[in-house]
Amino acid sequence: MSYCARFGFDQPARDALLATMELREDDRILAQRLQRLVIAPNVESIVDTFYARMLKQAAFAAIMREAGVDLGKLKRTHIAYLLTLGVNFRTAEYFERRLRVGLTHAWAGVPLGLTQAGYRLIEQLLVQHIPADQIDPGSRDALIAFIIKIIALDFALTIESYHGAQVQTLEHSVQTLRRQGGRLYRQATIDLLTGTATRRHILRILKQALRHSQQSQTPLSVIMVDVDFFKDVNDRRGHTVGDQALRGIAARIRGAVRDRDRLGRYGGEEFLAVLPDTPSTIACEVAERMRERVAMSPIHCHGTNLKMTVSLGVAQSSGQEAAESLIERADGALYRAKKTGRNRAVLEQAGHYLPAQAKAGGVGAKSVPPMQLPGSSGRAAKHRHLS
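Residues numbered from 1 in each chain as written. Predicted model: local features only at pLDDT ≥ 70, side-chain atom pairs only at ≥ 80, totals over all residues. Heavy atoms only, no water.

Draft legend 1. Quick look at the packing of helix α10 (residues 230-237) against helix α11 (residues 239-256). Remark: α10 packs on α11, axes separated minimally by 7 Å, with the N-to-C direction vectors making an angle of 145 degrees. Contacts between α10 and α11 pair F230, V233, N234 and R237 from the former with H239, V241, G242 and L246 from the latter. Residue composition of the contact of α10 with α11, grouped by class: 4 nonpolar, 3 polar and 1 charged. (Axes fitted to C-alpha atoms, helices over the stretch in contact; angles between N-to-C directions. Helix = DSSP H or I, 4+ residues; strand = E, 2+ residues; numbered from the N terminus. Contact = heavy atoms within 4.5 Å. Nonpolar A, V, L, I, M, F, W, Y, C, P; charged D, E, K, R; others polar.)

Draft legend 2. Representation of the pairing of strand β1 (residues 220-227) in the model. Taken across its 8 residues, β1 has 8 buried, putting it largely inside the fold. Sheet topology note: the β1/strand β3 (residues 270-276) ladder contains 7 bridges and is antiparallel. Across the sheet, M224 pairs through a bridge with L272, a residue of β3. (Buried < 20%, exposed > 50% of the residue type's maximum accessible area, 1.4 Å probe, protein only. Pairing = 2+ DSSP bridges.)

Draft legend 3. Examining the nonpolar core more closely. Formed by 55 residues in total, the largest nonpolar core has its most connected members in L82, L85, L126, I150 and L153. The set of elements that each furnish at least two residues to this core consists of α1 (3-6), α2 (11-20), α3 (27-54), α4 (58-67), α5 (71-82), α6 (92-108), α7 (112-128) and α8 (137-189). Leave out the neighbours within four places in its chain, and I150 touches L23, L85, G86, F89 and Y94. V227, F230, V241 and A273 belong to the second-largest nonpolar core, a separate cluster that totals 34 residues. (Core = buried A, V, L, I, M, F, W, Y, C linked by side-chain atoms within 4.5 Å.)

Draft legend 4. Seen up close, the pattern of salt bridges. In the structure shown here, the tally under the stated rule is 15 salt bridges. Residues D228 and K338 are paired through a salt bridge, measuring 2.7 Å at the closest nitrogen-oxygen approach. Of this pair, D228 sits in the loop between β1 and α10 while K338 sits in helix α13 (residues 323-339), placing them 110 residues apart in sequence. Relative accessible area serves as the criterion here: at 1%, K338 is assigned to the buried category. For D261, the salt bridge goes to R258, with nearest N and O atoms at 2.8 Å. Each of D15, E25, R28 and R90 takes part in one network of salt bridges that share partners. (Salt bridge = Lys/Arg side-chain N within 4 Å of Asp/Glu carboxyl O.)

Take a look at the structure:
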């Protein structure tokens, strides 16, 4: 993409800027006179004087020193710039070269005030080198007016590209920060192993859902899920197999919840599902679907097929209830599911524990754990003797 296209200088925009600077078609004659009488005979002297004066500026000298600029090469570039000053100023090519100057200054970190000082000095040196013996006073005044206008045009284009480069750099920085922020947010809210919400995030979701439930007077249910005999898998098969099994179980549970439901890893092999606008009867159906998805077929882990099951506890918010209380009730139902045979869901209701009957009708029925390894030492979490 050309610099003119990048910074919006199509033909109408170029014509508008030239009109603002009061540069007309007949000024081309003055541009030729400037080159013939002032620049061509004195360009090296003008450039040498320019850098001798600018290097007295501490800021300019520091930039030259820190950037390791080749002064001889820079002078040659500046000579080439002056030899095109005002030549065919109406063309896109002229605008392109001047816009490039602003980008160069921006990339080099030259302060805009220092850039302006440079243009002012060039203007002054050009006026000083107008030969008094080769031009009448009226023509001299016209040439000075042209020098002022053409330098103003060049500086305006430099400012456009200078600021454009800074804005684009800022936009790039903002995009980078957004990407970094997105990564940090994902790290803070998504459990890397299972792809579910982190404990902190699922608790935040639960508290928000409880507030909504209380304000809208709509039901809210939660499901506590715990993998049966998971400690034995880690002890007998190793943590690599255990992690892969947990990842597979989480995927199956996620496939069982609805779009509006939220699932998080509560801790270890325990998950918490938050079901907004959901009474306990529907929550029991979701819990049964979770149980069936996990138990329906073995999970393939590093060449091993593991038959896994989960136990689930369901509870519905009483209305004006804290998150901790609701979780405690669901955890109590989960404990009862473990104690009465595992691979089942139990509903906590008004202090009582009931089999979570669903359409399939199999949740409350007695079931044999699909995997019970010898030597099980039980659950290491707060239920202690259960896994």
